[in-house]
Amino acid sequence: SCSDMIASIVNILSTWPIPEGSEGIYLASGTTETCTAQGFFNELGNLATPMYNASLCVYYVLVIRDGWKEDQIRTRAEPWMHLIPMTVAFTIAILGIPFTLYNNSGWMCWIASYPGKCSRDTCTRGNHYDIFRWVHYTVVWTAILIVTVGMYSIYRKV
């Protein structure tokens, strides 16, 4: 899917977008702006992918367990299967920009404070990184739970 490709390209870039001169980072040759761009697309791809997997699981539950026909899926479920992942992923990824959350997180740019291991009073960027990481992992683990419950419900049916 497109979100998988976005996440894969971000991973291929690895440390290149991290600002040049970052201590201890091999091949860092970017700027704050390239780091922000990588962080944005990293968050977008890595949130949309598990949510689309959950949507695909819901599709299977509706077809296999509940016997929905293609017309029912297309009109009643499919719009939500796109709207929810894209809205959540874009909203969280966009919010990272004004909160200056996308910084060097070690091997790529993602949600992190700057400078690293600073406190809220001493950070120059990413003051609320901890909150956004909790949101990120809550979304991912919710998607995992949806897939697990959905697959189990199909198993019980068939």
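Quick note: structure is the one above.
Residues numbered from 1 in each chain as written. Predicted model: local features only at pLDDT ≥ 70, side-chain atom pairs only at ≥ 80, totals over all residues. Heavy atoms only, no water.

S.K.: Sorry, what's going on with the packing of helix H3 (residues 70-95) against helix H4 (residues 129-157) here?
M.R.: Between two packed helices, both the angle of their axes relative to each other and the distance between the axes serve to describe the pair. Put simply, H3 and H4 touch, their axes get as near as 11 Å, and they point 165° apart. When the interaxial angle is binned, H3 and H4 end up roughly antiparallel. Both H3 and H4 take part in a crossing whose hand is left-handed. Where H3 abuts H4, its residues Val 88, Ile 92 and Leu 95 lie against Phe 132, Val 135 and Val 139. Here the contact of H3 with H4 is built from residues that sort into 6 nonpolar, no polar and no charged. (Axes fitted to C-alpha atoms, helices over the stretch in contact; angles between N-to-C directions. Helix = DSSP H or I, 4+ residues; strand = E, 2+ residues; numbered from the N terminus. Parallel < 35°, antiparallel > 145°, perpendicular 65-115°, else oblique. Left-handed = near helix turned anticlockwise from the far one by under 90°. Contact = heavy atoms within 4.5 Å. Nonpolar A, V, L, I, M, F, W, Y, C, P; charged D, E, K, R; others polar.)

S.K.: How should the side chain of Glu 43 be read in this particular structure?
M.R.: Secondary-structure assignment places Glu 43 in helix H2 (residues 32-65). Salt bridges are absent for the buried Glu 43, whose nearest opposite-charge side chain, Arg 133, sits at 8.0 Å. Not counting residues within four places of it along the chain, the set of residues in contact with Glu 43 comprises Ile 92, Ala 93, Tyr 102, Trp 110, Ile 111 and His 136. (Buried < 20%, exposed > 50% of the residue type's maximum accessible area, 1.4 Å probe, protein only. Lys, Arg positive; Asp, Glu negative; His and termini not counted. Salt bridge = Lys/Arg side-chain N within 4 Å of Asp/Glu carboxyl O.)

S.K.: What am I meant to see in a nonpolar patch on the surface here?
M.R.: A contiguous nonpolar surface patch, about 560 Å² in accessible area, is contributed by Ile 9, Leu 13, Trp 16, Tyr 26 and Leu 27. For Leu 27, a relative accessible area of 46% puts it in the partly exposed group. (Patch = residues over 30% accessible without salt bridge, like charges linked within 9 Å, V, L, I, M, F, W, Y side chains within 5 Å. Areas by Shrake-Rupley, 256 points an atom, 1.4 Å probe, with all protein chains shown as cover.)

S.K.: I'm lost on the nonpolar core in this one. Help?
M.R.: Generally speaking, a soluble globular protein has its nonpolar side chains buried in company with each other. Leu 47, Ala 89 and Ile 111 are the most contacted members of the largest nonpolar core, which totals 15 residues. Where this core is concerned, the elements lending two or more residues are H2, H3, strand S2 (109-111) and H4. With near-sequence residues (within four places) excluded, Leu 47 lies in contact with Ala 89, Ile 92, His 136, Val 139 and Val 140. Core analysis: the next-biggest nonpolar cluster, separate from the first, contains 5 residues, Ile 18, Ala 28, Cys 35 and Cys 109 among them. (Core = buried A, V, L, I, M, F, W, Y, C linked by side-chain atoms within 4.5 Å.)

S.K.: Is there a simple way to think about helix H1 (residues 2-13) in this case?
M.R.: Counted at 1.5 Å a residue, the expected span for H1 with its 12 residues is 16 Å, and the 17 Å between its end C-alpha atoms agrees. If you check which residues of H1 are buried, you get Ser 3, Ala 7 and Val 10. When H1 is viewed along its axis, its buried side chains cluster within an angular range of 60° and face the same direction. Those residues of H1 that are exposed and aimed more than 90 degrees away from the buried face are Cys 2, Met 5, Ile 9 and Ile 12. As for H1, its buried residues are in contact with H2. Where H1 terminates, the next one or two residues include Ser 14, which has phi positive at roughly 45°. (Expected span 1.5 Å × (residues − 1). Arc of directions from axis to C-beta.)

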